[in-house]
Amino acid sequence: YFAISYPYTFRDMLQGPCTENQERYRFSIAGLNIIHMLSEFLGWGFKQTPQNPNLIRNLVHLLFESETDDAKVPKLKDLFDFADPGGPGNTEQNFYEIFCFSFLRLHREWYSRTSVAYMDFPDVLQDTTKRMQEILLSSSVDMEKIVASNVATNLSFNGSIQDV
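Conventions adopted
- Residues numbered from 1 in each chain as written.
- Predicted model: local features only at pLDDT ≥ 70, side-chain atom pairs only at ≥ 80, totals over all residues.
- Heavy atoms only, no water.
- Salt bridge = Lys/Arg side-chain N within 4 Å of Asp/Glu carboxyl O.
- Helix = DSSP H or I, 4+ residues; strand = E, 2+ residues; numbered from the N terminus.
- Expected span 1.5 Å × (residues − 1).
- Buried < 20%, exposed > 50% of the residue type's maximum accessible area, 1.4 Å probe, protein only.
- Arc of directions from axis to C-beta.
- Contact = heavy atoms within 4.5 Å.
- Polar contact = N/O pair within 3.5 Å; in protein donor to acceptor, adjacent residues only side chain to side chain.

Q: Help me understand the pattern of salt bridges in this model?
A: Note on pairing: side chains with opposite charge can pair once their charged atoms come close. Enumeration according to the criterion identifies 4 salt bridges in this entry. A salt bridge links Arg 11 to Asp 12; the nearest nitrogen and oxygen atoms lie 3.2 Å apart. Salt bridges sharing common partners tie together Glu 109, Arg 113 and Asp 127.

Q: What is the right way to read the environment of Arg 11 from this model?
A: Looking at the element boundaries, Arg 11 is found in helix α2 (residues 7-15). The spatial distance from the C-alpha of Arg 11 to the C-alpha of Asn 154 is 9.8 Å, given a sequence separation of 143 residues.

Q: Looking at this model, I keep getting lost on helix α8 (residues 143-156). Mind explaining?
A: In this model, α8 (14 residues) spans 20 Å end to end at C-alpha, consistent with the 20 Å of a helix rising 1.5 Å per residue. If you check which residues of α8 are buried, you get Met 143, Ile 146, Val 147, Ser 149, Asn 150, Thr 153 and Asn 154. Taken around the axis of α8, the buried residues stretch over an arc of 155°, which confines them to a single face. Every exposed residue of α8 that faces more than 90 degrees away from the buried side is listed here: Glu 144 and Leu 155. Buried-residue contacts for α8 involve α1 (2-5), α2, α4 (53-65) and α6 (91-111). Measuring from the backbone nitrogen of Glu 144 back to the side-chain oxygen at the start of α8 gives 3.2 Å, which picks out Asp 142 as the cap.

In short, the description is geometric, and any link to function would need to be established separately.
Right, dumping it as C-alpha cells:
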C-alpha cells in the first residue's frame, strides 16, 4: 500500500542519503514494529500495556468511524480485485494511512539524529511511540489531516515530512 499510494516517499525512504555517522534502519523490521506499536495502542498484542483511554478512543474513532477522502489517495480495491468492506469509513484504508503516517514519523526521528546505528533502533522506536501518542491524544487529529500530511510528504519528493 505504502509503495503504491506514496511512491516518491517510499522510494526516498528506501534510497535516501545517509551521512557517514548514520546507518539505515531495517525497513521491514521497522514496518513490523509500527504494526506492533499500533496494536499496543489498542490494547492488543503479546504484552498488555495500560494505555490512556483517550488514546484508545481516538485511535478507534480514526480507524472505524472516520472516512478518508477517496479522491486523495488510491484505494486498494481500485488497484487490486478486493471487495470493499463498506460501512462508515473504510477501516482498512484508515489503518494503512495511519501506518504510513507512523512510519514517516519513525523515519523522521531516525534521520533527525546526527549519529545513529541499528542498535539505536529501540530508542528511536520509543521516541516515535511517544510522539504518536501525543498526536493521537490531540483533539485536532483526524483522518483528513493524516492523509493530507502523507500526500504532502509524497509530493515534496525530498523526504521533508509534513506534520499534523
